[in-house]
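Commentary on secondary and tertiary structure
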Amino acid sequence: MSNFSLQMQIADNAAFNPSADALFSRRQAEQACAFHRRMPGYLPTPLYSLDAFAAALGVGRVLVKDESQRFGLNAFKILGGAYAVAQLVCEKYQLDINTFSFEQFCASHPRQMTFTTTTDGNHGRGIAWAARALGQQAVIYMPKGSSAERVAHITGLGAECIVTGMNYDDTVRLTTRTAQENGWLMVQDTAWPGYEKIPAWIMQGYATLAVESVEQIAHNDWPTPTHVFLQAGVGAMAAGVLDYLANCYGADRLHAVIVEPDRADCLFRSAQKGEIVAVGGEMNTMMAGLACGEPNPLGWPRLRDSARQFISCEDKVTVLGMRVLGNPLAQDARIISGESGAVGMGVLAAILHSPQRAALLARLGLDASSCVLVVSSEGDTDQQHYREVVWQGRPAI
């Protein structure tokens, strides 16, 4: 097997100090999962055990949660968006989230609401889906450089989509102002002072994939995960998933690693400094769904308390992950994973091929007894780009 080095920085979390938060408890996560199970078309996404890859790496087991098979939308984001939209509607019309139905609401309420958000693609697609399911309108904003294919996914669900000339965080600010001016309902997956309830619902919704994973691990009699690698943009998914896993397995017994692109590594830098650090500029990374420069202030404390390490890596790491998942060893399952979905697996694959493999495994506490959980958070949401990477050998943006 050939050896090569990819750029990855690892920061140990000096602030690690596990704590509970009632807002992200097991009960909240399981309530969100129960809601999703009532949605039309619900099926738990697969959790695969990549045994041949685990043997090659020298760990006990590698488990990959494949979110490309989520509600036909090719990504996990609908979990948070649909749950937050439903909670918002329930609050507005004094309905019970435990019995709420998209179909019943659509049949009994005329069109009168407009939902809006900023997205790199997948979150906006989820909001557009939820608005259509409710018979309402959606206006979705996307940052500079968003692909035509990602725009088409959103407009194909009946929403209006506007691509700005700004980066993600500045587009969020534009969307906020526009929503206030027009009386639209903002459903954003990051928080700021005075805007916290909806992002919390979104994070609770994301935990469904963790609830499913815990059930699938128990059903298959697989060992309890010792490690979890979670990619992060603002950190909402990583925090929502990690909290549930930590509540189930114990944060002190679960080695959580947060992975980001090096051009948008706000959580990595925050971990280094011990407080929130924002990253500005173009954030020109292939990992579009992770190109966020400002940590979610609801998610950051949860990651600060419960993550062991943070990794900042170059785009070539996720490229490697995409290729490895799509071209597996032996009888391992083939997984189509997009550029924001494959970076956790990319880190493991980069370690496998690294000349410093033994040192990296030791640094991350990985050995033959380790069971590693990875989330492939999206499929080929931009199919042209996926082919350019996997078929044509595109190395980075």
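Note that the structure is a prediction, hence the values are computed from the model and not measured.

What about the sheet that holds strand S4 (residues 114-118)?
The four strands lie next to each other as S6-S5-S4-S7, forming an open sheet whose pairing is parallel. With one partner strand each, in any of the chains shown, strand S6 (160-163) and strand S7 (185-186) form the two edges of the open sheet. Relative to S6, strand S5 (residues 137-142) runs parallel, the two being bridged by four bridges. Bridged to Met 142 within S6 is Val 163.

Focus on helix H7 (residues 168-182)
Its 15 residues give H7 an end-to-end C-alpha distance of 21 Å, which sits within 8% of 21 Å, the value for a rise of 1.5 Å per residue. In this structure, the buried side of H7 is in contact with S4, S5 and S7. Its side-chain oxygen 3.3 Å from the backbone nitrogen of Asp 169, Asn 167 forms the N-cap of H7.

Things to note about the packing of helix H1 (residues 26-37) against helix H10 (residues 236-249)
Put simply, H1 and H10 touch, their axes get as near as 9 Å, and they point 120° apart. On the basis of the axis angle, H1 is oblique to H10. In this structure, the crossing between H1 and H10 has a hand that is left-handed. Contacts between H1 and H10 involve Arg 26, Ala 29 and Glu 30 from the former and Tyr 244, Asn 247 and Cys 248 from the latter. Classifying every residue of the contact of H1 with H10 gives three nonpolar, one polar and two charged.

Details of the pattern of salt bridges
Close approach of charged atoms allows side chains of opposite charge to pair. With the rule as written, the count across this model stands at 19 salt bridges. The salt bridge partner of Arg 70 is Glu 212, with a shortest N-O separation of 2.8 Å. Taken together, the positions of Arg 70 in the loop between strand S3 (61-66) and helix H3 (78-93) and Glu 212 in helix H9 (residues 208-219) put the pair 142 residues apart, joining distant regions of the chain. Where Glu 275 meets Lys 273, a salt bridge forms, and the shortest distance between an N and an O atom there is 3.7 Å. For Glu 275, a relative accessible area of 43% corresponds to the partly exposed category. For Lys 273, a relative accessible area of 58% translates into the label exposed. Three or more residues joined by partner-sharing salt bridges are found here, namely Lys 65, Glu 67, Arg 70 and Glu 212.

Examining the sheet that holds strand S2 (residues 47-49)
What the seven strands build is an open sheet, ordered S1-S10-S9-S8-S11-S3-S2; its pairing is mixed. Here the strands that pair on one side only, and so sit at the sheet edges, are strand S1 (8-12) and S2. Averaged over all adjacent pairs, the angle separating strand axes in this sheet is 20°, with direction ignored. Relative to strand S10 (residues 309-313), S1 runs antiparallel, the two being bridged by five bridges. Looking at S10, one finds that Asp 12 is bridged to Gln 309.

What about unusual backbone geometry?
The backbone phi angle of Gln 94 is positive, close to 55°, even though this residue is not glycine. Relative to the helices and strands, Gln 94 resides in the loop between H3 and helix H4 (102-108). The backbone of Asp 221 sits at a positive phi, close to 60°, despite the residue not being glycine. Relative to the elements of secondary structure, Asp 221 occurs in the loop between H9 and strand S8 (227-231). Overall, the relative accessible area of 69% leaves Asp 221 in the exposed class.

Brief notes about the state of the cysteines
Applying the stated criterion to the full structure yields zero disulfides. In this structure Cys 106 is not part of a disulfide, and its nearest cysteine sulfur, from Cys 90, lies 15 Å away. Here Cys 106 falls in the partly exposed class, since its relative accessible area comes to 32%. Cysteine Cys 266 shares no disulfide, and the gap to the nearest cysteine sulfur, in Cys 292, comes to 7.1 Å.

Some details on the UniProt feature "domain: Tryptophan synthase beta chain-like PALP" (unreviewed entry) in the protein
The UniProt entry lists residues 40-348 under the feature "domain: Tryptophan synthase beta chain-like PALP" (unreviewed entry), expressed in the numbering used here. Structurally, residues 40-348 comprises 44% helix and 14% strand, and the distance from its first C-alpha atom to its last is 35 Å.

Some details on the domain arrangement of the protein
Examined at the domain level, the protein breaks down into domain 1 (8-75 + 198-392) and domain 2 (76-194). Just the C-alpha atoms count here: the centres of domain 1 and domain 2 sit 24 Å apart. Residue-level contacts link 47 residues of domain 1 with 40 residues of domain 2. Of the roughly 3,600 Å² buried at the junction of domain 1 and domain 2 (both faces included), carbon and sulfur atoms supply 59%.

Conventions we followed
Sequence order as written defines the numbering, with residues in each chain counted from 1. Where totals are concerned, whole chains, interfaces and linings use all residues; where local detail is concerned, this predicted model gives features only for residues with pLDDT of at least 70, and gives and counts side-chain atom pairs only at 80 or more. Based on all heavy atoms of the structure, the side-chain values leave hydrogens and waters out of the count. Strand pairing follows a simple DSSP-based rule, namely that at least 2 bridges must link the two strands. Only DSSP runs of H or I reaching four residues or more are called helices, and only runs of E reaching two or more are called strands; each is numbered from the N terminus. Take the residue count of a helix, subtract one, and multiply by 1.5 Å to get its expected span. Contacts: residue pairs with any heavy atoms within 4.5 Å of one another. Polar contact is defined as a pair of N or O atoms within 3.5 Å, subject to the rule that within protein one atom must be able to donate a hydrogen and the other to accept it, and that residues adjacent in sequence are counted only when both atoms are side-chain atoms. Only C-alpha atoms enter the line fits that serve as axes; for helices the fit covers just the stretch in contact. Angles between N-to-C directions range over 0 to 180 degrees. Relative orientations are named as follows: roughly parallel for angles under 35 degrees, roughly antiparallel for angles over 145 degrees, roughly perpendicular for angles from 65 to 115 degrees, and oblique for any other angle. Throughout, a crossing is termed right-handed when the near helix is turned clockwise from the far one, and left-handed when it is turned anticlockwise from it by less than a right angle. Side-chain classes are defined by residue name, with Ala, Val, Leu, Ile, Met, Phe, Trp, Tyr, Cys and Pro counting as nonpolar, Asp, Glu, Lys and Arg as charged, and the others, Gly among them, as polar. Definition used for salt bridges: Asp or Glu carboxyl oxygen within 4 Å of a side-chain nitrogen of Lys or Arg. Working definition: with a 1.4 Å probe on protein chains only, accessible area under 20% of the residue-type maximum means buried, over 50% means exposed, and in between means partly exposed. When two cysteine sulfur atoms lie within 2.5 Å, the pair is treated as a disulfide. UniProt positions are given in the numbering used here, feature names are shortened, and annotations may be inferred rather than shown by experiment. For the domain bounds, the source is a domain assignment made automatically or taken from a database. Each of two parts loses accessible area, computed with a 1.4 Å probe, when they are put together; buried area is these two losses added.

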